[in-house]
Amino acid sequence: MSDAYTLLRGGRVCDPTWIADGIAGGMSDGGLRDLYLKDGRIVAPPPEGARIGEVIDLDGRIVMAGAIDIHSHIGGGKVNLARLLLPEEHREHGSGPDGLRRSGSGLFTPSSFVTGYRYAEMGYTAAFEPAMLPSNARHTHLELADVPIIDKGCYAVLGNDDFLLERLAAGATQSEVNDYVAWILHATQAVGVKVVNPGGISAFKFNQRRLELDEAHPHYGITPRRILTTLATALSDLGVPHPLHVHCNNLGIPGNESVTRDTIAALDGRPAHLTHLQFHSYGTEGDRRFSSAAAEIAEAVNRSPNISVDVGQIIFGQTVTASADIMSQFRNSGLASPRKWVCSDIECDGGCGLVPFRYRDKAFVNALQWAIGLELFLLIDDPWRVYLTTDHPNGGPFTSYPHLIRLLMDRSFRNEQLARINPDVAAHSRLGSIDREYTLEEIAVMTRAGPARVLGLRDRGHLRPGAVADVVVYDDLPDREAMFAAPALVFKKGRLVARNGRLTATGWGDTIVVRPEFDSAIERRLKPWFEDHQTVRLGNFRIADGEILDHGRGGLSIVPTLTASYSCF
Ligand SMILES: [Zn+2]
Ligand SMILES: [Zn+2]
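Since the model is a prediction, treat every value here as computed from it, not as a measurement.

What counts, and at which threshold
Residues numbered from 1 in each chain as written. Chains lettered and ligands numbered in written order. Predicted model: local features only at pLDDT ≥ 70, side-chain atom pairs only at ≥ 80, totals over all residues. Heavy atoms only, no water. Helix = DSSP H or I, 4+ residues; strand = E, 2+ residues; numbered from the N terminus. Rg over C-alpha atoms; globule rule 2.2 N^0.38 Å. Buried < 20%, exposed > 50% of the residue type's maximum accessible area, 1.4 Å probe, protein only. Contact = heavy atoms within 4.5 Å. Areas by Shrake-Rupley, 256 points an atom, 1.4 Å probe, with all protein chains shown as cover. Lys, Arg positive; Asp, Glu negative; His and termini not counted. Charge placed at Lys NZ, Arg CZ, Asp CG, Glu CD. Donors = N, O, S within 2.8 Å, 3.2 Å for Na, K, Ca; no water. Salt bridge = Lys/Arg side-chain N within 4 Å of Asp/Glu carboxyl O. Disulfide = S-S within 2.5 Å. Phe/Tyr/Trp six-rings, centres within 6.5 Å; stacked < 30°, edge-to-face > 60°. Lys NZ or Arg CZ within 6 Å of the ring centre and 35° of its normal. Pairing = 2+ DSSP bridges.

For the rest of this paragraph, the subject is the overall build of the protein chain. The helix and strand inventory of the protein chain stands at 21 helices and 24 strands. The C-alpha radius of gyration computed for the protein chain amounts to 23 Å, which stays within 12% of the reference 25 Å derived for 569 residues, consistent with globular compactness. The principal-axis extent of the C-alpha atoms belonging to the protein chain is close to 70 × 60 × 55 Å. Buried residues in the protein chain amount to 62% of all 569 residues. By sequence separation, contacts in the protein chain at least 24 residues apart represent 76% of the contacts at least 6 residues apart. Surface exposure of the protein chain reaches about 20,500 Å², of which carbon and sulfur atoms provide 49%. In the protein chain, which carries 58 positive and 68 negative side-chain charges, the distance between the mean positions of the two groups comes to 3 Å.

Let us look at the coordination of the zinc ion (ligand 2). Looking at the zinc ion (ligand 2), the protein donor atoms are H71 (NE2), H73 (NE2) and D391 (OD), and they sit 2.1 Å from it. In primary-sequence terms, the residues that donate to the zinc ion (ligand 2) follow H-x1-H-x317-D. Here the zinc ion (ligand 2) and the zinc ion (ligand 1) are spaced 3.5 Å apart. Taken as a pair, H71 in the loop between strand 6 (67-69) and helix 2 (77-85) and D391 in the loop between strand 18 (386-387) and helix 14 (401-409) lie far apart in primary sequence, 320 residues in all.

Moving on, we come to the pattern of salt bridges. In this structure the tally under the stated criterion is 34 salt bridges. For the salt bridge of D470 with K492, the shortest nitrogen-to-oxygen distance reads 2.9 Å. Here D470 is found in the loop between helix 17 (440-455) and strand 19 (471-474), whereas its partner K492 is found in strand 20 (residues 489-492), with 22 residues between them in sequence. For D470, a relative accessible area of 5% puts it in the buried group.

Within this structure, the stated rule accounts for zero disulfides. Here C154 stays free of any disulfide, with the sulfur of C352 as its closest cysteine sulfur at 15 Å. Of the cysteine sulfurs around C343, a residue in no disulfide, the closest is that of C352, at 8.2 Å. On the basis of relative accessible area, C343 is assigned to the partly exposed category, the value being 26%.

Here we come to unusual backbone geometry. Outside of glycine, negative phi angles account for most residues, and trans bonds account for most peptide bonds. S337 connects to P338 through a cis peptide bond whose omega is -5°. Topologically, P338 is positioned in the loop between helix 12 (326-332) and strand 16 (342-346). With an omega of -5°, the peptide bond running from H392 to P393 counts as cis. Its location among the elements puts P393 in the loop between strand 18 and helix 14. Even without being a glycine, N207 presents a positive backbone phi close to 75°. Looking at where N207 falls in the secondary structure, it is placed in the loop between helix 8 (200-204) and helix 9 (224-238). Of note, C348 is a non-glycine position whose phi angle comes to about 55°, a positive value.

Right, let's talk about the packing of aromatic side chains for a bit. Geometry of an aromatic ring pair is reported as the spacing of the ring centres plus the angle between the planes. In this structure the tally under the stated criterion is 18 aromatic pairs. In this structure an aromatic cluster arises from ring pairing among Y119, Y124, F398 and Y401. Positioned over the ring face of Y438 is R436, at 4.3 Å from the centre of the ring.

So, about the coordination of the zinc ion (ligand 1). The zinc ion (ligand 1) binds to the protein through K194 (NZ), H247 (ND1) and H276 (NE2), with metal-donor distances spanning 2.1 to 2.2 Å. One chain supplies every donor for the zinc ion (ligand 1), spaced along it as K-x52-H-x28-H.

Before going further, it helps to examine the environment of G116. Among the structural elements, G116 can be located in helix 4 (residues 112-121). You can call G116 buried: its relative accessible area is 0%. When the C-alpha positions of G116 and I74 are compared, they lie 9.4 Å apart, and in sequence the two are 42 residues distant. Apart from residues no more than four positions distant in its own chain, G116 is found in contact with V147, P148 and I150.

What follows covers the pairing of strand 21 (residues 495-499). In the sheet, strand 20 pairs with strand 21 via four bridges, with the strands oriented antiparallel. Looking across to strand 21, one finds that L489 is bridged to R499. What sits between strand 20 and strand 21 in their antiparallel hairpin is a turn of two residues, with K493 showing a positive phi close to 50°. Linking strand 21 to strand 22 (residues 502-503), which pair antiparallel, is a turn of two residues; within it N500 sits at a positive phi near 50°.

Okay, structure coming up:
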């Protein structure tokens, strides 16, 4: 603790929540504002005569809160398997002269350390691992403990686990499901729940190749609709701020837009977050039976204020797809490039599938996928409900975000890119006719304030007094890609960690978790389940706080559950 303040003097503060809170300023009045930091937090201007330890002149540069990635595969079993599957990626993108430094290498499967460094250099101060299988939770947290600087959190994957499916088939009550979901959140130190292809990963193991929303599971007899609505209800009953994180059925299949729209309808006003929406917005029109349904999906999202989404934009080039959705990964395995892939089951919790892939700008399907993602960004009206992701590494590496921001902010740049790709795409997409250009404030919403709000992070994603002092200072460059790739200054918890896009210091961020109340009587059912079916006992499965805290690498930050008195900013 120090008694001195740090003053960031004369910045153009780009924080939409300032205006919403009635604090004068924001970008709109063009005025210069001062920010005071103390003990890792943003604080109100100090009283006259307070000791100012350091003054940093921002000279009118743009100031935003640290950016938050709501969906990025950065830890856990499949990320590690991807590294093992593609050793050449670490040779090619090595950082040392021999190109073989595995602890500091990789582009789409970066090492844990490179993950933290690259995010911080781009002004990102938190990222969320969206697919932590509960049985893999310990591994995931151990790996994330090696990701420096940024805060991180995990969504536990449920909805294909035999315990839940069996209990639903046996007629479990909603309150039993609620207790189970809460127990999993505690035991795995998670901040949310993701459902992946509800019921489909399990159905795949019974030789099913797709599963529609109202199609009964071949063994358990329950439908994806039931799994989806029960889990969404559980999270809202428990007051978990981040609503159910949904990876819809039939990922990547032409015509899947109907199941995506049916999923939104099935949620019937319940809050939910639909992830990597680009992969779920495909129609079947045209000679190739593959078309953009972005307009229809965007319209459904625009009409549904309970729904937030992230896009999962694809970026041309080599990457690896990594998903718990082994039904879809098995289907895509023939497209593996290079030709090697992995599909496995993990403790009957869910799947783990890896298929290396190269998105080619001259291939019609890939080029149209690129256009569909951009159409979604540009046709969904409210930046508070659509967030910037590539579903790293599925659509491309997170390091391509600055390029993606330029595509959203600069129409002529976007149209230049559109003119370079497979020429049929321009004819099959409305992208070229969309005029919209995102403003800096909208970028600040979709990369900071929006994800913070939907995750329930009250002290992140904004620059109001009380916030964690995650602050990013940008030069206002006309080339938005250059601007967002190399911020002038990045502070994490008030400490300068990067300057002009280069790391200057390292450290450890927090693990963000949620802990809703529940009835521990659920353990009477779970204990025998663990004894009979799992490789570890219930007592050993649970991750103690000490396992995260004892190595001294950052703290635990607990997101408050929603109560009647809580209101969003
Ligand atoms: Zn997914
Ligand atoms: Zn994902």
